[in-house]
Amino acid sequence: MPISCRPALFYETFYNIGSGAFVALFGLALATLKSEIFTPGGTKEHLMFVAAMFGGSSLLSPLVGYLGKSVSMRLMVIVPNLVAAVILFATCSFHSAGFFAVIIGVAFVIRVFPRVAEMNMFRVLYPATHRGTAVGWVKAVAAVSGLGVTVAATLWVMWRPGLYYVPYWGVGIALACSAFVYARIPVRRRAVFLSQEITPPHRALWSGARVFFADRRFVLYQVGFWFAGFANHMAHAFVAESLKVNALASDRAVFWIVAVIPALCMAGSAPLWGRLLDQMNPMSGRALFNAIQCVAYGFHCLGGVTQQAWPFVVGSVLHAIGMGGSTINWLTGSLYFATRERVALYNSIHVALTGLRGLLAPLVGVLIYGGTVMLGPWTVPGLGLGPWLF
């Protein structure tokens, strides 16, 4: 790593301790909702809502590119992290699966701003020759942090289920500390994303769309991401549901398969994927990760249909290994296509499309999985295919 990049890598390493802890909340929240903590317990609709907020929040990402013309990207990392940290302390307010899902969902929405701003900052902080390695390292740290939080939270909830919210408080504190650490990152080119030009939002949207469709390679890259990402968002949240309903797994098994094993495998695979992705183009990487996750969901389907837990374990391992590289590919792939002045625009398009499929796919998934789906006051008939969704 070049000497000039080492201070940024040092502080970003510590930042990703809190950031990684927060990302781990997705798997923990799904497992928490399907445990016996809440009475009545979480439903497939709650899982759908959390998944839709986790992925669909990315629809707000174009705001990052628009605000980035007048607000520093570093500030858009720091402030929303502090807000999300405060929100997590509300998890103890009402002992209700619905309220818990809403609080976690709101925190996920707030965190879209740091997520996109971080991606934009990678272009400023690290050269292209070392970007994959740097991102692989910090995301490995994030994964290790997420693993530690996941294991500790699982053991805590198994011991004191009535105080399930304590790990979420801990993550809130870690996230706030990480925001202050990020503020220490030295940035030489502070105004790289700033602009004196004031463009109305609708014109900025139209201009961005024209740039996007003019770049055929980037369009094809996003099409590949769309199909694979839609499938992943459509099915991932319902692994916990199938484990509980089809395989009749215990709370402990659900926490380990849905939260702990993925965190462990992502932490172990991310550094290796980072080095590999420095040597290959993002399209080849995307194809490889799609193939791995396809096999993983095959095992999930096998486990649900045969009502056995072991295929879910194998599927969880494979899916997490693929996600270890896919996350790096998702974070850095659009930088392969963007010129310096279009980094924010390309990342905003990339994340907005992720948000669109992240919002729609869980809804499609719950309609395929369930025979009857409760959407607020409405009861909607579903296909009732259960584990065949995978």
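Please refer to the structure placed before this passage.
Just so it is clear, the model here is predicted, and its values are computed rather than measured.

Undergrad: Break down the overall build of the chain for me, with residues and values.
TA: The helix and strand tally for the chain stands at 16 helices and two strands. Per-residue burial for the chain yields a buried fraction of 54% across its 390 residues. Per element, the accessible surface of the chain, about 16,500 Å² overall, is 70% carbon and sulfur.

Undergrad: How would you sum up the packing of aromatic side chains? Please name residues and give values.
TA: Summed over all chains, the structure comprises 16 aromatic pairs. When the centroid spacing of 5.5 Å and the interplanar angle of 80° are considered together, the rings of Tyr164 and Tyr165 count as edge-to-face. The residues Tyr164 and Tyr165 share a single accessibility class, namely buried. Through pairs of rings, three or more aromatic residues link up here, namely Phe89, Phe100, Tyr164, Tyr165, Tyr168 and Trp169. Stacked on the ring of Trp159, the Lys or Arg Arg160 has its end atom at 5.5 Å from the ring centre.

Undergrad: Talk me through the pattern of salt bridges; I want residue IDs and the actual numbers.
TA: Going through the model one piece at a time under the given rule, you end up with four salt bridges. Glu45 is the partner of Lys44 in a salt bridge, and the nearest nitrogen-oxygen pair spans 3.5 Å. Of the two residues examined, Lys44 and Glu45, each falls in the buried class. One salt bridge connects Arg111 with Glu118, and the closest N-O pair in it is separated by 3.8 Å. Judged by its relative accessible area of 3%, Glu118 is buried.

Undergrad: Describe the nonpolar core, naming the residues involved and giving the relevant values.
TA: Of all hydrophobic cores here, the largest spans 60 residues; its most connected members are Phe22, Leu28, Leu33, Val50, Phe100, Ile104 and Leu243. With near-sequence residues (within four places) excluded, Leu28 lies in contact with Val149, Thr150, Ala153, Thr154, Tyr168, Phe255 and Ala259. Listed in part, the 41 residues of the second largest apolar core include Leu9, Val64, Val116 and Tyr126.

Undergrad: Quick one: what's the story with a nonpolar patch on the surface, residue by residue and with numbers?
TA: Residues Leu59, Leu356, Leu359 and Leu360 make up a contiguous nonpolar surface patch of about 280 Å² in total accessible area. Within the fold, Leu356 resides in helix H16 (residues 343-369). Among the residues examined, Leu356 registers a relative accessible area of 33% and is labelled partly exposed.

Undergrad: Before we move on, can you summarise the side chain of Ser269 with the specific residues and values?
TA: Tracing the chain through its elements places Ser269 in helix H13 (residues 251-277). Here Cys265 takes part through its backbone oxygen, which lies 2.9 Å from a polar atom of the side chain of Ser269. The residues touching Ser269, leaving out its near neighbours within four places in the chain, are Ala320, Ile321 and Gly324.

So, how was this worked out
Residues numbered from 1 in each chain as written. Predicted model: local features only at pLDDT ≥ 70, side-chain atom pairs only at ≥ 80, totals over all residues. Heavy atoms only, no water. Helix = DSSP H or I, 4+ residues; strand = E, 2+ residues; numbered from the N terminus. Buried < 20%, exposed > 50% of the residue type's maximum accessible area, 1.4 Å probe, protein only. Areas by Shrake-Rupley, 256 points an atom, 1.4 Å probe, with all protein chains shown as cover. Phe/Tyr/Trp six-rings, centres within 6.5 Å; stacked < 30°, edge-to-face > 60°. Lys NZ or Arg CZ within 6 Å of the ring centre and 35° of its normal. Salt bridge = Lys/Arg side-chain N within 4 Å of Asp/Glu carboxyl O. Core = buried A, V, L, I, M, F, W, Y, C linked by side-chain atoms within 4.5 Å. Contact = heavy atoms within 4.5 Å. Patch = residues over 30% accessible without salt bridge, like charges linked within 9 Å, V, L, I, M, F, W, Y side chains within 5 Å. Polar contact = N/O pair within 3.5 Å; in protein donor to acceptor, adjacent residues only side chain to side chain.

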